[in-house]
2 protein chains.
Amino acid sequence: MIHLSLIGIGAGNPEHLSLQAIDAIGRCDVILIPHKGAQKDDLAQARRAICARVLDGDGPRLHEFALPERDPQIADYTARVTHWHDAIARVWQREICACLPQGGRVGFLVWGDPSLYDSTLRIAERLQSVMAVTLQVIPGITAIAALTAGHAIALNDVGGSVTITTGRRLRADGWPEGAQTVVVMLDQGGAFSAIAPQGIDIWWSAYAGMAQEIRLCGPLSQVGPRILEARAEARARHGWVMDIYLLRREMTAQGGRTD
Amino acid sequence: MIHLSLIGIGAGNPEHLSLQAIDAIGRCDVILIPHKGAQKDDLAQARRAICARVLDGDGPRLHEFALPERDPQIADYTARVTHWHDAIARVWQREICACLPQGGRVGFLVWGDPSLYDSTLRIAERLQSVMAVTLQVIPGITAIAALTAGHAIALNDVGGSVTITTGRRLRADGWPEGAQTVVVMLDQGGAFSAIAPQGIDIWWSAYAGMAQEIRLCGPLSQVGPRILEARAEARARHGWVMDIYLLRREMTAQGGRTD
């Protein structure tokens, strides 16, 4: 029997780790650390640093393995992701069986919170369909919370709603219907350029929560181009970039902000 | 000069506290603990327990004070909240000046994350308009992350967007335009009853993250009435209830889930 813990470790600052996460890491027999590519290597290194920080000599052993890549030949996004998750689940099964042939406790350190734009839970569900696995999820500090903390801003207006979406959707569908506040994640770069900037403010962070965090904010029409430059520079310097931003429409007379 | 730290302490589980939050608490001269009413007394007690857990004898002193109430005579919601925040800011100023006449470091322990449906940041901004105050925000684990961790579910569908809204808005405006996944917070009770339940699943938690957490999930048409009963019972037992839920529409042929 395998007990699987998906442990939210926060948005890149090792100090985001919760007491619950530290306890959960310490109870594992094995921590599985996946890696691929420049960004993932940095993230794998960050995971190693977190383990080194919170574990004493009796802690779990770390087991690293390579993740499969997405198949670019599958044109449809959902089909491509589904195929990729299936492939990852098979790798998980192989690695877990090799590490713990008699069963035991396995942990994954999940960036941010395991519920938010992360595939670990979906892969765990696939694993449960082929192996006896009990599942525990430890919540973590999200990149959204790191973004708003860094800028010292509220996520929502008073009584207002918030839409969390992806760069891909913002490009494809434009400003979400009826939204006042929009958080954009998983942006491949500058999806905000696809919307009309008038009356919209942006709060942008790259590497939110990490030591190299960069923040810019202001009217989108003015700050948008500077963000594109800063993002390109950061990417060139670090080899990868991960960013997140909040867009807010200025209040209008009919804006429905009286909730 | 006052340095003000708004410290996210997570969703009710003292183990949600991050290393950064513990460090920030320890650096304060004074932790201000507001309270009012049965619920707030429980929350004040939880804050005291957190301080007792993470502080040694040299830590900050705790200073408790009563919050003003909202004025029910102000009919408009936004005007009522604005008036209330103004009143709270005056109380903060009075208490901080009394505690630290020479200046120093003040902390507030904020439930969940300071950015999400919490007025502390708005009150801090008011304070900055009348006093010299530097402001620091420490992110925390949200009730949303506690909800999804408890149910071991993802917040978003693959590449999908998420709308976070309030019970008041769900009642007033119905299902948010174009939304697939909706998280409802600040519900006074059963706002989901205002929407047609067909094809909608619900994941509901009361006291998410706390020792007394209660969870129910399933098709809204079947589980909705049981949630109303469970909520009423919990409220009668504890004197207060705080709940949160995720609503997800079943996939449809034209559902646009192929992002």
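Residues numbered from 1 in each chain as written. Chains lettered and ligands numbered in written order. Predicted model: local features only at pLDDT ≥ 70, side-chain atom pairs only at ≥ 80, totals over all residues. Heavy atoms only, no water.

A. The arrangement of the domain arrangement of chain A in detail. All names here are of chain A. The domains assigned to chain A are domain 1 (2-141) and domain 2 (144-254). The gap between the C-alpha centroids of domain 1 and domain 2 is 27 Å. Contact with domain 1, which involves 14 residues of that partner, is made by 15 residues of domain 2. Taken together, the connections running from domain 1 to domain 2 amount to 0 salt bridges. Looking at the side of domain 1 that touches domain 2, the elements with two or more residues in it are helix H2 (37-54) and helix H3 (77-99). The element contributing the most residues to the side of domain 1 that touches domain 2 is H2, with 4 residues. (Domains from an automatic or database assignment. Contact = heavy atoms within 4.5 Å. Salt bridge = Lys/Arg side-chain N within 4 Å of Asp/Glu carboxyl O. Helix = DSSP H or I, 4+ residues; strand = E, 2+ residues; numbered from the N terminus.)

B. Structural detail: the sheet that holds strand S1 (residues 2-8) of chain A. All names here are of chain A. What the 5 strands build is an open sheet, ordered S3-S2-S4-S1-S5; its pairing is parallel. The open sheet is flanked by strand S3 (61-66) and strand S5 (133-138), the only strands paired with a single partner. The sheet shows a mean angle of 25 degrees between the axes of neighbouring strands, taken without regard to direction. Along the sheet, H3 makes contact with S1, strand S2 (30-35), S3 and strand S4 (104-110), crossing S3 at roughly 145 degrees. (Pairing = 2+ DSSP bridges. Axes fitted to C-alpha atoms, helices over the stretch in contact; angles between N-to-C directions.)

C. Structural detail: the packing of helix H3 (residues 77-99) of chain B against helix H4 (residues 120-128) of chain B. Residue and element names in this part refer to chain B. Running from amino to carboxyl end, H3 crosses H4 at an angle of 65 degrees, the nearest separation of the two axes being 9 Å. Note that H3 runs across H4; the crossing there is right-handed. Residues Thr-82, His-85, Asp-86, Ile-88, Ala-89, Trp-92, Gln-93 and Ile-96 of H3 touch H4, and the partners they reach there are Thr-120, Arg-122, Ile-123, Ala-124, Arg-126 and Leu-127. A per-class count over the contact of H3 with H4 returns 7 nonpolar, 4 polar and 3 charged. (Left-handed = near helix turned anticlockwise from the far one by under 90°. Nonpolar A, V, L, I, M, F, W, Y, C, P; charged D, E, K, R; others polar.)

D. How the structure looks around helix H7 (residues 220-238) of chain A. All names here are of chain A. Compared with the 27 Å implied by 1.5 Å per residue over 19 residues, the 25 Å span of H7 between its first and last C-alpha is a close match. Those residues of H7 that sit buried are Leu-220, Val-223, Gly-224, Ile-227, Ala-230, Arg-231 and Ala-234. All buried residues of H7 fall inside an arc of 140 degrees around its axis, so they share one side. Projecting away from the buried face of H7 at angles above 90 degrees are the exposed residues Gln-222, Glu-229 and Ala-236. The first or second residue beyond H7 is Gly-239, which carries a positive phi of 90 degrees. (Expected span 1.5 Å × (residues − 1). Buried < 20%, exposed > 50% of the residue type's maximum accessible area, 1.4 Å probe, protein only. Arc of directions from axis to C-beta.)

E. Expanded view of the sheet that holds strand S6 (residues 162-166) of chain A. Strand order in the open sheet formed by 10 strands is S9(A)-S8(A)-S10(A)-S7(A)-S6(A)-S6(B)-S7(B)-S10(B)-S8(B)-S9(B), with mixed pairing between adjacent strands. Two strands lie at the open edges of the sheet, namely strand S9 (214-219) of chain A together with strand S9 (214-219) of chain B, each paired on one side alone. On average, each strand axis in the sheet is tilted by 15 degrees relative to the strand beside it, whichever way the strands run. Bridge count between strand S7 (residues 181-185) of chain A and strand S10 (residues 243-249) of chain A: 4 bridges; the pairing is antiparallel. Looking across to S10(A), one finds that A:Val183 is bridged to A:Leu246. Against the sheet, H7(A) makes contact with strand S8 (200-206), S9 and S10 of chain A, and its axis sits at roughly 160 degrees relative to S9(A), the strand it touches most.

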